[in-house]
Amino acid sequence: MIMAVDGSSIDGSAYLDVVHLAQRSPGWLDHLVSFWSTYGLALFGVLAAVGWWRARRVGPAAAVTALAVPLVVVLAFGVDAVVKLAVREDRPCQSLHVRVLEACPAPGDWSFPSNHAAIAAAAAVSLLFVSRRLGSVGAVAALAMAASRVWVGAHYPHDILAGLAVGGLAGLLMMTVLRRRSEILVGWIVSGRLRPLLVAS
């Protein structure tokens, strides 16, 4: 039998304050936050695509950096998933038995850290290496995504803070290493069939 962690003792009261506020808020606001919480990660894909398209006109090294954004996000998600399996914290809606905007996940769908927050943070930090403007937009979007996950009842506040930290650190470390090795990757890609990915026609 798997023993799961109960995170309600950490900031369960803060979680309940947010959830109760969501219950008293206008319906249009809850719908908007729920929509963002569910589909908002797509924005980071758009930002990554825009960053790559622009980077091709800057130079091959910039294009390699931009192409790395999706890979970094996937790796950050993997790190986050490993931490989830190690901690095994129950979802707050399971521990506190409270009505929330988002359907409560089944037992075994662990809460700590937040996947959404980790993905958003990894994308935002990675995008900063591509473009400060895109990275800044990504940072605001990442904070909004993290907050929305508490609003809809999916996570405790400490879940999203941990997710932001995991994703942000993973993005920073991997993009820093990549930048130091970008010239090697450029030489390998430019000499092959993938050259159009780095050089604008």
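Residues numbered from 1 in each chain as written. Predicted model: local features only at pLDDT ≥ 70, side-chain atom pairs only at ≥ 80, totals over all residues. Heavy atoms only, no water.

A. Local environment of the state of the cysteines. Applying the stated criterion across every chain yields a total of one disulfide. Disulfide partner of C93: C104, at an S-S distance of 2.1 Å. As the torsion about the S-S bond is roughly 85 degrees, the C93-C104 disulfide counts as right-handed. Residue C93 is located in helix α5 (residues 92–95), and its partner C104 is located in the loop between α5 and α6 (115–130); the two are separated by eleven residues in the primary sequence. (Disulfide = S-S within 2.5 Å. Helix = DSSP H or I, 4+ residues; strand = E, 2+ residues; numbered from the N terminus.)

B. Inspection of the side chain of S148 at higher detail. Along the chain, S148 turns up in helix α7 (residues 132–151). On the basis of relative accessible area, S148 is assigned to the buried category, the value being 3%. Contact partners of S148, with chain neighbours within four places excluded, come to V33, W36 and S37. (Buried < 20%, exposed > 50% of the residue type's maximum accessible area, 1.4 Å probe, protein only. Contact = heavy atoms within 4.5 Å.)

C. Looking closely at the packing of aromatic side chains. The tally for this structure, following the rule as stated, stands at three aromatic pairs. Aromatic side chains W52 and W53 sit 5.8 Å apart centroid to centroid with 65 degrees between the ring planes, which places their arrangement in the edge-to-face category. (Phe/Tyr/Trp six-rings, centres within 6.5 Å; stacked < 30°, edge-to-face > 60°.)

D. Structural detail: the packing of helix α2 (residues 27–39) against α7. For the pair α2 and α7, interaxial distance at closest approach is 9 Å and the crossing angle is 115 degrees. When you trace α2 past α7, the crossing you get is left-handed. Contacts from L29, D30, V33, W36 and S37 of α2 reach α7 at A141, A144, M145, S148, R149 and W151. (Axes fitted to C-alpha atoms, helices over the stretch in contact; angles between N-to-C directions. Left-handed = near helix turned anticlockwise from the far one by under 90°.)

E. Spatial organisation of unusual backbone geometry. Between F112 and P113 the backbone carries a cis peptide bond, its omega angle lying at -10 degrees. Summarising the element assignment, P113 is placed in the loop between α5 and α6. You will see that R88, though not glycine, has its phi angle at about 55 degrees, which is positive. Relative to the helices and strands, R88 is located in the loop between α4 (60–87) and α5. A relative accessible area of 29% means that R88 is categorised as partly exposed.

F. Spatial organisation of the pattern of salt bridges. As enumerated under the stated definition, the model contains two salt bridges in all. The residue R91 makes a salt bridge to D109 at a minimum N-O spacing of 2.9 Å. Placement of the pair is R91 in the loop between α4 and α5 and D109 in the loop between α5 and α6, with a sequence separation of 18 residues. Given the relative accessible area of 6%, R91 is considered buried. Overall, D109 belongs to the partly exposed group, its relative accessible area being 36%. Its salt-bridge partner being R149, residue E102 comes within 3.0 Å of it at the nearest N-O pair. Of this pair, E102 sits in the loop between α5 and α6 while R149 sits in helix α7, and the two are 47 residues apart along the sequence. Look at R149 and you get buried, because its relative accessible area is 5%. (Salt bridge = Lys/Arg side-chain N within 4 Å of Asp/Glu carboxyl O.)

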